[in-house]
Amino acid sequence: MRDVPVEPPAYVYDLDEVGRSHAMLTAALPRPSRLYYSLKANPHPAVVRALAERGCWAEVCSPGELAAAVHAGVAPSRILYTGPGKRDAEVADAVTAGVRWFSVDSPQGIAQVEKAAAAAGADVECLLRVNDDTPVTGQSLTMTGVSSQFGADAGWVAARPAEFTGPIAGFHLYMGSNLTEEDDLVTQFATAIGTARRLADILAVPVRVLDLGGGFGAPFARAGGLPRFPGLAGRVASSLDDAFPRWRHGDPVIAFESGRYLVGTCGSLVTRVADTKQSHGRPVVVLESGINHLGGMSGLRRLPPIVPDIEAGGARTPGAIVAGPLCTTLDTWARSADVPAVRPGDIVRVPNVGAYGLTASLLAFLGHPAPSEVVVSGGRIADVSRLAVVRRPVTERT
Ligand SMILES: *Cc1c(COP(=O)(O)O)cnc(C)c1O
């Protein structure tokens, strides 16, 4: 992939690597199970299509992600629509588009989906998203066991089951993100399975689908490979055997979700050095890419600051400030990084940014062009495109 000629700045996505990651993850999951690709990680149509062709279902949480999944060839019947604050119009549009499975986060969420389904004369099913009572250790983003907009507290569901009526056909537990230790994943899934069993009995609903979430870790903007989980399938299967003895017959269907594990390692950002200098005794490297291309959520301090690996040949310079081109001090990837000794015009590469790269960045901020996105398949460039932020008059509901 490194040899492909590309005009930087550019994201390069290698679909062969997507295939390898998908094979590794499916081999690590209990069988039979369903795997949803979470489009949030990277909604590029070629990436979504590559995963759909390999049998992934799609987890979407916005009109744009729904459109991307459908455009990439995912059948609406294989789409799960999630999110803690859906607008009535987007739920109605999703039902019209043929989506039949929704993850709901509260009694209001159930009522919203029921109403849209009734208006369309469609049968829909809800997975009740549950915020479990205990936090799971080891995760970088905690979404369970703490106050959160995600899901209904397990304690609430258990105490007032009458509030949770409607087309509930299973549960959705997404407990954390970026877990790299098999033991942490096993603990989280065992906890989720136990909670689902308990709530199914209390609510007396049929569990047709049990979505255990994911949280499979992957390196981000750092060199390295995917973690392996050799014992995961067997250990999760034995938890399932205890709680849902018919799961091997698809009763319930066991589902998992992944974004970063499936696509994190497929992408790199290739960019150019704009300037280099010394400032008060420190080397400074200014790149043509900043938080508008990569790491915007970190720039906002919504995620820990990224310390990307900047790869290029040659000797290394320690203690460098690595900045982007934006006119704000926030546009700093690293304040003290070990970088190659580069000069203006040199090309550098940030590895493992196939997930939460471009669309998780501040693309519109300061109005620079987006990097191009280059899709590579079988060692060949298959597609080159560029996202644009365009102002249009509002003429209808879009
Ligand atoms: C973000 C998200 C995912 C994907 O998380 P990764 O860490 O990228 O695997 C899966 N499920 C839900 C509900 C999410 O919100």
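Thresholds applied
Residues numbered from 1 in each chain as written. Predicted model: local features only at pLDDT ≥ 70, side-chain atom pairs only at ≥ 80, totals over all residues. Heavy atoms only, no water. Buried < 20%, exposed > 50% of the residue type's maximum accessible area, 1.4 Å probe, protein only. Helix = DSSP H or I, 4+ residues; strand = E, 2+ residues; numbered from the N terminus. Pairing = 2+ DSSP bridges. Right-handed = clockwise from strand over helix to strand, strands pointing away. Core = buried A, V, L, I, M, F, W, Y, C linked by side-chain atoms within 4.5 Å. Domains from an automatic or database assignment. Contact = heavy atoms within 4.5 Å. Salt bridge = Lys/Arg side-chain N within 4 Å of Asp/Glu carboxyl O. Phe/Tyr/Trp six-rings, centres within 6.5 Å; stacked < 30°, edge-to-face > 60°. Near = heavy atom within 4 Å. Polar contact = N/O pair within 3.5 Å; in protein donor to acceptor, adjacent residues only side chain to side chain. Areas by Shrake-Rupley, 256 points an atom, 1.4 Å probe, with all protein chains shown as cover. 1 Å grid on protein atoms, 1.4 Å probe; cavity = no way out; pocket = protein on both sides within 12 Å on 5 of 7 lines; lining within 4 Å. Points joined across faces, edges and corners; volume = space filled by probe spheres on them. Nonpolar A, V, L, I, M, F, W, Y, C, P; charged D, E, K, R; others polar.

1. Focus: the pairing of strand E2 (residues 34–38)
Phase 1 of the analysis: Among the five residues of E2, five are classified as buried, and the element is accordingly described as predominantly covered.
Phase 2 of the analysis: Going residue by residue along E2, you find Arg34, Tyr36 and Ser38 tucked away on one face and Leu35 and Tyr37 tucked away on the opposite face as well.
Phase 3 of the analysis: Across four bridges, the pairing between E2 and strand E12 (residues 253–258) is parallel. When the bridges of E12 are listed, Arg34 appears paired with Ala255.
Phase 4 of the analysis: As judged from the three bridges shared by E2 and strand E3 (residues 57–60), these two strands associate in the parallel manner. Looking at the pairing, Tyr36 lines up with Trp57 of E3.
Phase 5 of the analysis: Crossover handedness for the path E2 to helix H2 (residues 45–53) to E3: right-handed.

2. A look at the nonpolar core
Phase 1 of the analysis: The biggest cluster of nonpolar side chains holds 106 residues, and the ones touching the most others in it are Tyr37, Phe102, Phe171, Leu210 and Phe216.
Phase 2 of the analysis: Residue contributions to this core peak at nine residues, all from helix H7 (residues 182–203).
Phase 3 of the analysis: Inspection of this core shows a minimum of three residues originating in each of domain 1 (31–258) and domain 2 (265–386).
Phase 4 of the analysis: Setting aside its immediate chain neighbours within four residues, Leu210 contacts Phe171, Leu173, Ala196, Leu240, Phe244, Pro252, Val253, Ile254 and Ala255.
Phase 5 of the analysis: With eight residues, the next largest nonpolar core counts Leu80, Trp101, Leu127 and Ala255 among its residues.

3. A look at the pattern of salt bridges
Phase 1 of the analysis: Inspection of every chain in the model, using the stated rule, returns 15 salt bridges.
Phase 2 of the analysis: One salt bridge connects Glu125 with Arg208, and the closest N-O pair in it is separated by 2.4 Å. Of this pair, Glu125 sits in strand E6 (residues 125–131) while Arg208 is found in the loop between H7 and strand E11 (209–211), placing the two residues 83 residues apart along the sequence.
Phase 3 of the analysis: A network of salt bridges, in which partner residues are shared, links Glu7, Arg272 and Glu288.

4. Description of unusual backbone geometry
Phase 1 of the analysis: A cis amide bond, omega -5 degrees, links Pro8 with the succeeding residue Pro9.
Phase 2 of the analysis: Assignment of secondary structure puts Pro9 in the segment before strand E1 (10–14).
Phase 3 of the analysis: Residue Pro252 is reached from Asp251 by a cis peptide bond, and omega for that bond is 0 degrees.
Phase 4 of the analysis: With respect to the element layout, Pro252 can be found in the loop between helix H8 (232–243) and E12.

5. Considerations on the packing of aromatic side chains
Geometrically, a pair of aromatic rings is defined through the distance of the ring centres and the angle of the planes.
Phase 1 of the analysis: Tallied over the entire structure, the rule returns ten aromatic pairs.
Phase 2 of the analysis: Between Tyr36 and Trp57 the ring centres are 6.0 Å apart and the planes differ by 80 degrees, which places this aromatic pair in the edge-to-face class. Placement of the pair is Tyr36 in strand E2 and Trp57 in strand E3, with a sequence separation of 21 residues. Comparing Tyr36 with Trp57 shows no difference in burial state: the two are buried.
Phase 3 of the analysis: With a centroid separation of 5.2 Å and an interplanar angle of 80 degrees, the aromatic rings of Phe189 and Phe256 are classed as edge-to-face. Taken together, the residues span a long stretch of sequence, with Phe189 in helix H7 and Phe256 in strand E12 at a distance of 67 residues. Taken as a pair, Phe189 and Phe256 share a single burial class, namely buried.
Phase 4 of the analysis: Here the aromatic cluster, defined as three or more aromatic residues joined through ring pairs, consists of Phe189, Phe216, Phe229, Phe256 and Tyr261.

6. Some thoughts on the site of the ligand
Phase 1 of the analysis: Taken together, Ser38, Lys40, Glu59, Arg129, His172, Tyr174, Ser177, Glu257, Ser258, Gly259, Arg260 and Tyr356 are the residues near the ligand.
Phase 2 of the analysis: Residue Tyr174 places a side-chain N or O atom 2.8 Å away from an oxygen atom belonging to the ligand.
Phase 3 of the analysis: Ser177 is positioned such that a nitrogen or oxygen atom in its side chain is 2.7 Å from an oxygen atom of the ligand.
Phase 4 of the analysis: Protein chains bury 96% of the 390 Å² of accessible surface belonging to the ligand in isolation.

7. A closer look at empty space enclosed by the protein
Phase 1 of the analysis: In the structure shown here, the tally under the stated rule is three cavities of 30 Å³ or more.
Phase 2 of the analysis: Reported here for the largest cavity is a volume of approximately 50 Å³.
Phase 3 of the analysis: Taken together, 13 residues make up the lining of the largest cavity; nearest its centre are Tyr13, Ala41, Asn42, Gly357 and Leu358.
Phase 4 of the analysis: Here the lining of the largest cavity is composed, by residue class, of eight nonpolar, four polar and one charged.
Phase 5 of the analysis: Viewed by domain, the lining of the largest cavity spans two of them, domain 1 (31–258) and domain 2 (265–386), each represented by three or more residues.
Phase 6 of the analysis: Counted as a void, the second largest cavity has a volume near 40 Å³.
Phase 7 of the analysis: Taken together, Ala218, Pro219, Phe220, Arg260, Gly264, Asn352, Ala355 and Tyr356 make up the lining of the second largest cavity.
Phase 8 of the analysis: For the lining of the second largest cavity, the residue count by class is five nonpolar, two polar and one charged.
Phase 9 of the analysis: Of the residues that make up the lining of the second largest cavity, three or more belong to each of domain 1 (31–258) and domain 2 (265–386).

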